[in-house]
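Spelled out, the chains give:
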Amino acid sequence: MPSARKPLVVIGSANMDLLTRVQAFPRPGETMPGSALLQRPGGKGANQAIAAAQVGASVSFVGNIGTGAFGDALVANLEQAGIDLSHLERSSKLPAGTALILLNKAGENEIVVTRSSNELVGVAQIKRSKQLIQGAGIVLLQMEIPLASVQAAIALAHAAKVPVVLNPAPCTKPLTQKLLKQVDWLTPNEHELTALTGKRVKTMTDVAVAAQHLLSQGARNVVVTCGAKGACWVTRDKVTWFPAPRVKVIDTVGAGDCFNGVFAAGLCASKTINQALSQAVARASSLISRVRKPVR
Ligand code: RIB
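Residues numbered from 1 in each chain as written. Predicted model: local features only at pLDDT ≥ 70, side-chain atom pairs only at ≥ 80, totals over all residues. Heavy atoms only, no water.

1. Some points on the pattern of salt bridges
Note the cut-off: In the sections that follow, a salt bridge refers to a side-chain nitrogen of Lys or Arg positioned within 4 Å of a carboxyl oxygen of Asp or Glu. Whether a residue is buried, partly exposed or exposed follows from its accessible area with a 1.4 Å probe, protein chains only, as a fraction of its type maximum: under 20%, in between, or over 50%, in that order.
Under the defined criterion, the tally for this structure stands at eight salt bridges. Between Glu 30 and Arg 27 there is a salt bridge, with the nearest N and O atoms lying 3.9 Å from each other. On the accessibility criterion, Glu 30 (32% relative accessible area) is partly exposed.

Structure (structure tokens):
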């Protein structure tokens, strides 16, 4: 009997996204009309978990979703996607996360995430999830939960030789070399790459140079998501581009999450890196060219 595949463990946030379309982003002090409000489940962790489940991964989600109507809807959405929620905790101390999102005509977004139960994913919860993490095929994290918890989870996975994918989003602080040395795949976008390295990233060469800087700090592989240009996988000896197909851009929200979820699912399913990255680029491109319906 073949042994069952180990799960992809996604540790992170869930938010209810409240979104409106505007002609252009408002300037400070400016008021402008937007489209009718769209409400749909989001959050980088939940988005990544769902993207991975949609390509067939067996996914366990570790997070904290506040009680209340938004929280209930977020949990129902994860359940519907077939995600294991045995390590999800719920709290009434803080409300479930909410993300206020503006989408402009070019499909670009601006996002503000409110203070929420995502903050309650503490080191103690990570310790309670120790067995799950140690038995994972891949552990995938982002940075919408406390950094100490991200660090604790990565340390546990690394000690158990479980490959770690860290999507450093949002990127508000530099990452320590100790942390970078425990990360197998670091997946910033171009803005995050600049925030992490202090290096200007405009050209394809800039991407490779800044990514090399992170490798010199200890990261093993850097995969930079570069929007319409696709994704760039950088190791010490090689730079490989995975170009994105040309698509009409409608809604970029969660494109990076889709990429990360699908990529991690591919690694978990023992696909080659080239296969996993090509599929991730293709799925993220398809997502941004779709009109997504609100889900309540
Ligand atoms: O990456 C997109 C996500 O960022 C949104 O779904 C929003 O909730 C924020 O977490």
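2. A look at the site of the ligand
For the record, the criterion: The cutoff for a nearby residue is simple: one of its non-hydrogen atoms must lie within 4 Å of the molecule or strand. Each polar contact in these results corresponds to two N or O atoms within 3.5 Å; when the atoms are within protein, one needs to be able to donate a hydrogen and the other to accept it, and residues that are neighboring in sequence are counted only if both atoms are side-chain atoms. Accessible surface area values rest on a Shrake-Rupley calculation with a 1.4 Å probe, where residue burial reflects the displayed protein chains alone.
The environment of the ligand is made up of Asn 15, Asp 17, Gly 42, Gly 43, Lys 44, Asn 47, Ala 99, Ile 111, Glu 144, Gly 254 and Asp 257. Contact distances for the ligand include 3.0 Å between an oxygen atom and a side-chain N or O atom of Asn 15. Measuring from an oxygen atom of the ligand, one finds a side-chain N or O atom of Lys 44 at 2.8 Å. Here the ligand loses 96% of its free accessible area of 280 Å² to cover by the protein chains.

3. Quick notes on helix H2 (residues 69–80)
Cut-off, in case you're wondering: Helix and strand definitions follow DSSP, with helices as H or I runs of at least four residues and strands as E runs of at least two, each counted in order from the N terminus. The span expected for a helix works out to 1.5 Å for each residue beyond the first. In this analysis, two residues are considered to be in contact whenever any of their non-hydrogen atoms come within 4.5 Å of each other.
Here H2 is twelve residues long and its end C-alpha atoms lie 16 Å apart, about the 16 Å a rise of 1.5 Å per residue gives. Where H2 is buried, its residues meet strand E2 (15–21), strand E3 (38–42), helix H1 (44–54), strand E4 (59–66), strand E5 (88–91) and strand E6 (97–103). Following H2 by one or two positions, Gly 82 has its phi on the positive side, about 80 degrees.

4. Section: the packing of helix H9 (residues 255–268) against helix H10 (residues 273–288)
For clarity, the cut-off: Orientation is described by lines fitted to C-alpha atoms, with helices fitted over the stretch in contact, and by angles between N-to-C directions that extend from 0 to 180 degrees. Comment on the angle field: the value is read as roughly parallel under 35 degrees, roughly antiparallel over 145, roughly perpendicular from 65 to 115, and oblique elsewhere. The hand of a helix crossing depends on one turn: near helix anticlockwise from the far one by less than a right angle means left-handed, and clockwise means right-handed. For this classification, the nonpolar set comprises Ala, Val, Leu, Ile, Met, Phe, Trp, Tyr, Cys and Pro, the charged set comprises Asp, Glu, Lys and Arg, and every other residue, Gly included, is treated as polar.
Where H9 meets H10, the closest approach of the two axes is 8 Å, and the angle between their N-to-C directions is 150 degrees. Relative to H10, the element H9 lies roughly antiparallel. Both H9 and H10 take part in a crossing whose hand is right-handed. Here H9 contributes Ala 255, Cys 258, Phe 259, Val 262, Phe 263, Gly 266 and Leu 267 to the contact with H10, which in turn contributes Ile 273, Ala 276, Leu 277, Gln 279, Ala 280, Val 281, Arg 283, Ala 284, Leu 287 and Ile 288. Considering only residue class, the contact of H9 with H10 consists of 14 nonpolar, two polar and one charged.

5. As for the nonpolar core
Here is the rule we go by: We define the nonpolar core as a collection of buried residues of types Ala, Val, Leu, Ile, Met, Phe, Trp, Tyr and Cys that are connected through side-chain atoms lying within 4.5 Å of one another.
In this structure, Leu 8, Val 59, Ile 83 and Phe 259 are the most contacted members of the largest nonpolar core, which totals 45 residues. When residues of this core are assigned to their parent elements, the largest contribution, eight residues, is made by H9. The residues touching Ile 83, leaving out its near neighbours within four places in the chain, are Ala 49, Ile 50, Ala 53, Val 59, Ser 60, Phe 61 and Leu 78. The next biggest cluster of nonpolar side chains, apart from the first, holds 39 residues, and it includes Ala 157, Val 164, Leu 215 and Val 224.

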